Amino acid sequence: QVQLVESGGGLVQAGGSLRLSCAATERTFSPAMGWFRQAPGKEREFVASISWGAITTNYANSVKGRFTISRDNARKTVYLQMNRLKPEDTAVYYCAGGSRGPDVRSTAYTYWGQGTQVTVSS
């Protein structure tokens, strides 16, 4: 049973934008949600996280100012707006849930989506 489903990935030119969506269930749409990414041959890394009321958001330094995380609790959906994309943003992006707080550590999350591919060409 897939309980977190990412969508919105694709192929874009550098400088372009994409908006990722993560559809969750009542079980997986936790107080804190996050986005992580994994590029080929690299470890999974933190991208962004958000608290229930969106009072607290965290961003990796590499994406701060370009990416924006948001959530719609009524729709049980979390979003990642990605602007001014760079080739180094190319990765599979994963939605994460199950954390009590908007942790930057992947180990804080217990639910993961299947991932959506983002490819940024130069």
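As for the pairing of strand β3 (residues 18-24)
(1) Moving on: Extensive coverage of β3 is indicated by the burial of five of its seven residues.
(2) Moving on: The pairing of strand β1 (residues 4-7) with β3 spans four bridges and is classified as antiparallel. Across the sheet, the residue bridging to serine 7 is serine 21, located in β3.
(3) Moving on: Here β3 pairs with strand β8 (residues 77-82) via six bridges, running antiparallel. Looking at β8, one finds that leucine 20 is bridged to leucine 80.

Focus on the sheet that holds β8
In a beta sheet, neighbouring strands pair by backbone hydrogen bonds and run either parallel or antiparallel.
(1) Moving on: What the four strands build is an open sheet, ordered β1-β3-β8-β7; its pairing is antiparallel. Looking at strand neighbours, the two that pair on one side only are β1 and β7 (67-72), the edges of this open sheet. Mean inter-strand twist for the sheet, computed between neighbouring axes without regard to direction, equals 15 degrees.
(2) Moving on: Pairing analysis gives six bridges linking β7 to β8, with the strands arranged antiparallel. Paired with isoleucine 69 across the bridge in β8 is leucine 80.

Some details on the side chain of threonine 28
(1) Moving on: Inspection of the secondary structure puts threonine 28 in the loop between β3 and β4 (32-38).
(2) Moving on: Within polar-contact distance, the side chain of threonine 28 engages the backbone nitrogen of threonine 25 at 3.0 Å.
(3) Moving on: Those residues in contact with threonine 28 that sit more than four places away from it in its chain are Gln3, Leu4, Met33, Gly97, Gly98 and Tyr111.

Considering the packing of aromatic side chains
(1) Moving on: Summed over the entire model, instances satisfying the criterion amount to five aromatic pairs.
(2) Moving on: Ring geometry for phenylalanine 36 against phenylalanine 46: centres 5.6 Å apart, planes inclined by 75 degrees, an arrangement best described as edge-to-face. Residue phenylalanine 36 is located in strand β4, and its partner phenylalanine 46 is located in strand β5 (residues 45-50); the two are separated by ten residues in the primary sequence. Take phenylalanine 36 and phenylalanine 46: they sit in the same class, and that class is buried.
(3) Moving on: Pairing phenylalanine 36 with tyrosine 109 gives two aromatic rings, centres 5.4 Å apart and planes at 75 degrees, and the pair type is edge-to-face. One end of the pair, phenylalanine 36, is in strand β4; the other, tyrosine 109, is in the loop between β9 (91-99) and β10 (111-112), with 73 residues separating them in the sequence.
(4) Moving on: Judged by its relative accessible area of 4%, tyrosine 109 is buried.
(5) Moving on: An aromatic cluster is present here, built from Phe36, Phe46, Tyr109 and Trp112 joined pairwise through their rings.
(6) Moving on: The ring of tyrosine 94 has arginine 44 lying over it, and the distance from NZ or CZ to the ring centre is 3.9 Å.

Remarks on the nonpolar core
(1) Moving on: Core analysis: the largest hydrophobic core is formed by 30 residues, its most contacted members being Trp35, Val47, Phe67, Val78, Leu80, Met82 and Tyr93.
(2) Moving on: Excluding anything up to four places from it in sequence, valine 47 contacts Trp35, Phe36, Arg37, Asn58, Tyr59, Ala60, Val63, Phe67, Leu80 and Tyr93.

Topic: the side chain of serine 30
(1) Moving on: Note that serine 30 resides in the loop between β3 and β4.
(2) Moving on: According to the relative accessible area criterion, serine 30 is buried, its value standing at 6%.
(3) Moving on: Excluding its chain neighbours within four sequence positions, the residues that come into contact with serine 30 are Trp52, Arg71, Gly97, Gly98 and Ser99.

Calculation notes
Residues numbered from 1 in each chain as written. Predicted model: local features only at pLDDT ≥ 70, side-chain atom pairs only at ≥ 80, totals over all residues. Heavy atoms only, no water. Buried < 20%, exposed > 50% of the residue type's maximum accessible area, 1.4 Å probe, protein only. Helix = DSSP H or I, 4+ residues; strand = E, 2+ residues; numbered from the N terminus. Pairing = 2+ DSSP bridges. Axes fitted to C-alpha atoms, helices over the stretch in contact; angles between N-to-C directions. Polar contact = N/O pair within 3.5 Å; in protein donor to acceptor, adjacent residues only side chain to side chain. Contact = heavy atoms within 4.5 Å. Phe/Tyr/Trp six-rings, centres within 6.5 Å; stacked < 30°, edge-to-face > 60°. Lys NZ or Arg CZ within 6 Å of the ring centre and 35° of its normal. Core = buried A, V, L, I, M, F, W, Y, C linked by side-chain atoms within 4.5 Å.

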